[in-house]
Amino acid sequence: MAASIMHLPNCMIWPSFLHLTRQISRQHNIRLGKHPLGKRFLCTQHTLSQASKEPSRTSSVPPPRKMPTRYYGQPAPHTHPHLLQNKEVTYGVSRLEYSHRRQRFVSEMIQRAARKHENVSRHIVLIPSAVQQYMTHDIPYVFRQNTDFWYLCGFLEPDSVLLIEATKSKNITTLFVPPRNASRELWDGPRAGTDGAVELTGVDQAYSIDEFEKYLQAYLKGSRNFGIWYDYVTPANPTVHGSVIRKFITQERQAFVEQCKPLIQKLRVIKSPAEIELLRRAGQIASESMMETMKFSYPQVDEHFLWAKMEYECKIRGANYLAYPPVVAGGNRANTIHYINNNQVCVCYHDKLYHRKIVP
């Protein structure tokens, strides 16, 4: 533990570890400082005079990177330059590409509406983000964004809504996002807020999710004969659906309600150069990881071990998470298409255990 603490220049230390920090400070010339919030942290003691006496480093070693003063709820080019290039919203996908996706979506939407509802000239698109799920109180599952929401804006925070107002001549994209909250951010991590959402994604404007209902009511007052595009059959966010969007729809000011998902899925069939490169990279990661995992497949190996090995190999090569749980099935279990228990031992059929009918 001491070694891991030593590598962190500003590591928060809980009171139960204070005796350890004092011992480390004496042995390794480290001073204890105070955090602005009153907590204690370890701070390595470096001086310019000491640095000036050391021989110069080779040019291949990058200089220490200045830590950003403002983090968001997802990686950004200025906070994670090792992951994102300038103007990228997510890995490999720029703000311009997300804007092109929205333009293609709106164009396809208006064309479809013209065939079915030729008298409707205004449209409003509502695509909520996914909801953070919890395994128990305050213990969250790893968050996975709603794919359709992600595809059109790249914003990765939960409890948000993408709203697009479109006509044949123009469209306005608005994000409704969780507001900044110092107390919640202390527990859950930083949030982009309205200013960060615009800076990250390049949308036209952003508001707090608390203003979403008021915004829709204002839209109703100034609009007639418009179409709503919203996936009402399987709402991505049941809370927002029940408390806001359903009331908006049931006022019946709209000419029709159509679903977004078929249009978005049609757009996703044709891949951009950036998406093709991402697919190539994902395929490379998966194939290399599979080859490495196969080396550990032998009689008596636990299926769970191979599952963990596959996930480990993918992640150390740069994958954020797996697209789906691995199916690691030995023997007759391989006939179960979605077998993901992965909790049995892979026994060789030619082993004596097979003849003793111990194999399940």
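In this text the structure is predicted, and so the values were computed from the model without any measurement.

Caption draft 1: Quick peek at the sheet that holds strand S6 (residues 122-128). Pairing within the open sheet is mixed, and its six strands lie in the order S11-S10-S9-S6-S12-S13. At either margin of the open sheet sits one strand with a lone partner, and together these are strand S11 (205-208) and strand S13 (256-258). Each strand of the sheet is rotated relative to its neighbour by a mean of 20°, with strand direction disregarded. Bridging between S6 and strand S9 (residues 161-166) involves six bridges; their strand directions are antiparallel. For Leu126, the partnering residue across the bridge sits in S9 and is Leu163. Each of S6, S9, strand S12 (226-229) and S13 is contacted by helix H9 (residues 238-250), which is oriented at about 170° to S6, the strand it contacts most.

Caption draft 2: Structural detail: a nonpolar patch on the surface. A cluster of nonpolar side chains, contributed by Met135, Ile139 and Tyr141, occupies part of the molecular surface with about 300 Å² of accessible area. With respect to the helices, strands and loops of the structure, Tyr141 is situated in the loop between strand S8 (139-140) and helix H5 (147-153). Tyr141 sits in the partly exposed class, given a relative accessible area of 46%.

Caption draft 3: Quick peek at the pairing of S6. Of all seven residues making up S6, six are buried, and the element is well covered by its neighbours. The pairing of S6 with S12 spans four bridges and is classified as parallel. In the sheet register, Val125 faces S12, and the bridge partner there is Trp229.

Here is what the cut-offs are and how they apply
Residues numbered from 1 in each chain as written. Predicted model: local features only at pLDDT ≥ 70, side-chain atom pairs only at ≥ 80, totals over all residues. Heavy atoms only, no water. Pairing = 2+ DSSP bridges. Helix = DSSP H or I, 4+ residues; strand = E, 2+ residues; numbered from the N terminus. Axes fitted to C-alpha atoms, helices over the stretch in contact; angles between N-to-C directions. Contact = heavy atoms within 4.5 Å. Patch = residues over 30% accessible without salt bridge, like charges linked within 9 Å, V, L, I, M, F, W, Y side chains within 5 Å. Areas by Shrake-Rupley, 256 points an atom, 1.4 Å probe, with all protein chains shown as cover. Salt bridge = Lys/Arg side-chain N within 4 Å of Asp/Glu carboxyl O. Buried < 20%, exposed > 50% of the residue type's maximum accessible area, 1.4 Å probe, protein only.

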